[in-house]
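Close look at the chain arrangement
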Amino acid sequence: MSDAPLIQLDDVTKVFVTGAIRYEVLKDISIEVRRGEYIALIGASGSGKSTLLNILGCLDVPTSGHYRLEGEEISAKSDTEMAHIRNRFFGFVFQSFNLLGRYTVAENVALPMVYHGLGRRERLDKAKALLTRVGLGEFTGHYPSELSGGMQQRVAIARALANNPAVLFADEPTGNLDSKTGTEIISLFEQLNAEGTTLVVVTHDARVAQHARRVLTLADGRMLTDKQNSIAELTGA
Amino acid sequence: MNPFEHLRIAFDALLANKIRAFLTMLGVIIGVASVIMLVAIGEGAQTYIRKELMGIGTNLLIIVPGKTETTGMGRMPSGIQKITIADLRALEKRATLLNGLSAVVVSNAPVKYQNRLRNVQIIGTDQNFEQVRNLHAEIGSFISKADVDAQRRVAVIGRTVRKELFGEANPLGRTVKIGETKFRVIGIMESKGVTLGMDIDDHVFIPVETAQEIFDQDGLTNILTQAINENTIERAKDQIKAIMMQRHAGEEDFTIISQQAMLSTMQTILTTFTYVLGGIASISLLVGGIGIMNIMLVSVRERTREIGLRKAIGASQRDILLQFVIESVTLSVIGGIIGILFGAGVAYGAKAAFPVLPVDVSAWSVALAFTFAFFVGAFFGIYPAMKAARLNPIEALRYE
């Protein structure tokens, strides 16, 4: 069990069909994600990196190929089982923070715990602890609209961590932020990875890619390169 | 996930948009309130008519000339042999299952006292009327057998007639003119108010043969009688029929109306009436349901990203479906409760304002309206909720 990769994709393809046109978005992708990794997925627009992230995060299913989570094939799971997997194993951070305006910051963070079946008090206590962890302990009672973009993204990260996920997926997390707040998010990711969180980040941002331990480059739906950043590069950057 | 959480999510969503939630509910409120009100009015009318008909005596039988197929109060007036006092005498002699017989002649005539005049329904009858119809003289006395036999010109007047013609003066012993004939007032009837749209107090009673004479009639308008008890009504009717047919050359040219038959006819009419009213009101409830569906569809579209997000963080299709169905059911049920309170309030308000109208909010109409509201919410909520549940999370998250 400890030897099996957290996620293993074998020969995964993804085809979208729109009317008469077939788009082969992913072609024979095989990758492994191991515990504690910090992976950056880069590539030009349309290279298929977001689709790959969605498949890794069980938001989407491959057209063909195998997906094993902790060694278990999941391609034939029901909607409810997939929802369960997303809830327990994964956390998501989006480019636009996707916080719900009618809930307080703490309630937003607690949202995944609602679907985990935790009671309200327990949820809010945990949410407060998570917000403290991302440096927003004092803002639990505020509404998202009262916070800056960088703070909102941190709330979103706290929400993604709500159920102690095995992997945190982020799709262009710094895309809507200025460079200073982007840097804050990058160092938060560093910190989380150092604390043991597995990260998979889709990004255009060179700085994010520099901080990742492993960089996967996609082009036209194929894996172009898969390289480990050396320690030298990391510290040198 | 426990259903209480779904309820909380629904409430949060509705509270975030209070005015919209209220306006959506308004359709259901109006629908439910009108069901409650209209059924209350229908049932009230039923209770009223039942009470009125019971008031004329449970075992009452009315023999009218002419054969009508339908039970009830309709009758065909002409072309048939009349019912006469001789018929009444025969029934008196031979029928064993009857308790009292009273002849009735009805006509309209102006009644005049000094310079006051009033058009009144004149009822010519006999001494048995008091017992058979359960109507009594309160002051003075009613028409006696002697008055009838001697064709005396005496009159017993109703309350309204007394008030209109005499004011505060004592009418006993005074002379009134009915048409051109002078009558002496010998009694005043007890007050019975309006029964079945007829003001019982607006009548003048005179001896039956006197009435036949002054109105130049040899037949009777009807014969009133009573069966000995409830169980003998049918047999009493058969007996009347047999005796009457023998006297009318084997022709059944008369109709025997029982209070029971009137009651059941009225009941049927009014029950239908109540259902029709309830049905019309239900249509507005249906319109309310369509309003809910409309707003839920808008809401699903507006919250596409929320739905995408909820799915990403672990909501299953079932969770999303429940979230939206519970939201629409919450709308319709709260609307239903407000509608019930509002409808009952108006119904009882009407009762307080017009005590004649015995409106009553029945438990079944409340239960029906509430259940209907619940299912309207569930039915009209399910399609938008299914749309929400089936959204692809990736597309939903990208939705602008």
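What counts and what doesn't
- Residues numbered from 1 in each chain as written.
- Chains lettered and ligands numbered in written order.
- Predicted model: local features only at pLDDT ≥ 70, side-chain atom pairs only at ≥ 80, totals over all residues.
- Heavy atoms only, no water.
- Patch = residues over 30% accessible without salt bridge, like charges linked within 9 Å, V, L, I, M, F, W, Y side chains within 5 Å.
- Areas by Shrake-Rupley, 256 points an atom, 1.4 Å probe, with all protein chains shown as cover.
- Salt bridge = Lys/Arg side-chain N within 4 Å of Asp/Glu carboxyl O.
- Helix = DSSP H or I, 4+ residues; strand = E, 2+ residues; numbered from the N terminus.
- Buried < 20%, exposed > 50% of the residue type's maximum accessible area, 1.4 Å probe, protein only.
- Pairing = 2+ DSSP bridges.
- Axes fitted to C-alpha atoms, helices over the stretch in contact; angles between N-to-C directions.
- Contact = heavy atoms within 4.5 Å.
- Core = buried A, V, L, I, M, F, W, Y, C linked by side-chain atoms within 4.5 Å.
- Buried area = accessible area lost by both parts, 1.4 Å probe.
- Polar contact = N/O pair within 3.5 Å; in protein donor to acceptor, adjacent residues only side chain to side chain.
- Nonpolar A, V, L, I, M, F, W, Y, C, P; charged D, E, K, R; others polar.
- Lys, Arg positive; Asp, Glu negative; His and termini not counted.

**Section: a nonpolar patch on the surface**
Residue and element names in this part refer to chain B. The grouping of Ile-19, Phe-22, Leu-23, Leu-26 and Ile-30 at the surface amounts to a nonpolar patch, some 490 Å² of accessible area in total. Structurally, Phe-22 is set in helix H2 (residues 18-55). You can call Phe-22 partly exposed: its relative accessible area is 41%.

**Section: the pairing of strand S10 (residues 203-207) of chain B**
Regular strands place side chains that alternate from one sheet face to the opposite one. All names here are of chain B. Taking burial as the measure, the 5 residues of S10 include 5 buried ones, the bulk of the element. Pairing analysis gives 5 bridges linking strand S3 (residues 116-125) to S10, with the strands arranged parallel. Bridging across to S10, Gln-121 finds its partner in His-203. In this sheet, S10 lies alongside strand S5 (residues 154-157) in antiparallel orientation, the contact comprising 2 bridges. Within S10, the position partnered with Val-156 by the bridge is Phe-205.

**Considering the sheet that holds strand S10 (residues 222-228) of chain A**
All names here are of chain A. The strand order across the open sheet built from 6 strands is S6-S7-S8-S3-S9-S10, with neighbouring strands paired in mixed fashion. The outermost strands of the open sheet, each flanked by one partner alone, are strand S6 (90-93) and S10. Shown here is a sheet whose adjacent strand axes are inclined to one another by a mean of 15°, direction ignored. The pairing of strand S9 (residues 214-219) with S10 spans 6 bridges and is antiparallel. Residue pairing in the sheet places Val-215 in a bridge with Lys-227 of S10.

**Quick notes on the sheet that holds strand S5 (residues 72-73) of chain A**
In any sheet, the strands associate via hydrogen bonds between backbone groups, in a parallel or an antiparallel arrangement. Residues and elements named next belong to chain A. Pairing is antiparallel across the open sheet formed by 4 strands, whose spatial order is S2-S1-S4-S5. The open sheet has two edge strands with one neighbour each: strand S2 (21-33) and S5. Bridge analysis of strand S1 (residues 7-18) against S2 gives 9 bridges, and the strand direction is antiparallel. Across the sheet, residue Ile-7 finds its bridge partner in S2, namely Val-33. Across the face of the sheet, helix H1 (residues 49-56) comes into contact with S1, S2 and strand S4 (64-69) while running at roughly 60° to S2.

**Focus: the nonpolar core**
Ranked by internal contacts, the top residues of the largest apolar core, which has 77 residues, are A:Ile7, A:Leu52, A:Leu56, A:Tyr67, A:Phe90, A:Phe169 and A:Val200. Discounting chain neighbours no more than four positions away, the residues touching A:Tyr67 are A:Ile7, A:Gln8, A:Leu9, A:Ile55, A:Leu56, A:Cys58, A:Glu72, A:Glu73, A:Ile74, A:Ser75 and A:Phe90. Formed by 69 residues, the second largest nonpolar core is a distinct cluster that contains B:Val148, B:Val154, B:Val176 and B:Val208.

**Examining the interface of chain A and chain B**
In this assembly, 23 residues from chain A lie in contact with 25 residues from chain B. Between chain A and chain B, the buried area comes to about 2,200 Å², and carbon and sulfur atoms account for 58% of it. At the junction of chain A and chain B, the tally comes to 2 salt bridges. One salt bridge in this structure joins A:Arg123 and B:Glu5, with 2.7 Å as the shortest N-O distance. For the pair chain A and chain B, the interface holds 9 residue pairs in polar contact (both at pLDDT 80 or more). Listing elements by their share of the side of chain A that touches chain B, those giving two or more residues are helix H2 (79-89), helix H3 (105-116) and helix H4 (120-133) of chain A. Here the element with the most residues in the side of chain A that touches chain B is H2(A); it accounts for 5 residues. The class makeup of the residues in the side of chain A that touches chain B is 11 nonpolar, 5 polar and 7 charged.

**Digging into the side chain of A:Asp171**
Here A:Asp171 lies in strand S7 (residues 167-171). Among buried charged residues, A:Asp171 stands out as having no salt bridge; its nearest opposite-charge side chain is B:Arg398, 6.7 Å away.

**Considering unusual backbone geometry**
All names here are of chain A. The backbone of Glu-70 sits at a positive phi, close to 50°, despite the residue not being glycine. Assessed through its relative accessible area of 28%, Glu-70 is described here as partly exposed. One non-glycine residue, Asn-98, adopts positive backbone phi at about 55°. By the secondary structure assignment, Asn-98 is in the loop between S6 and H3.

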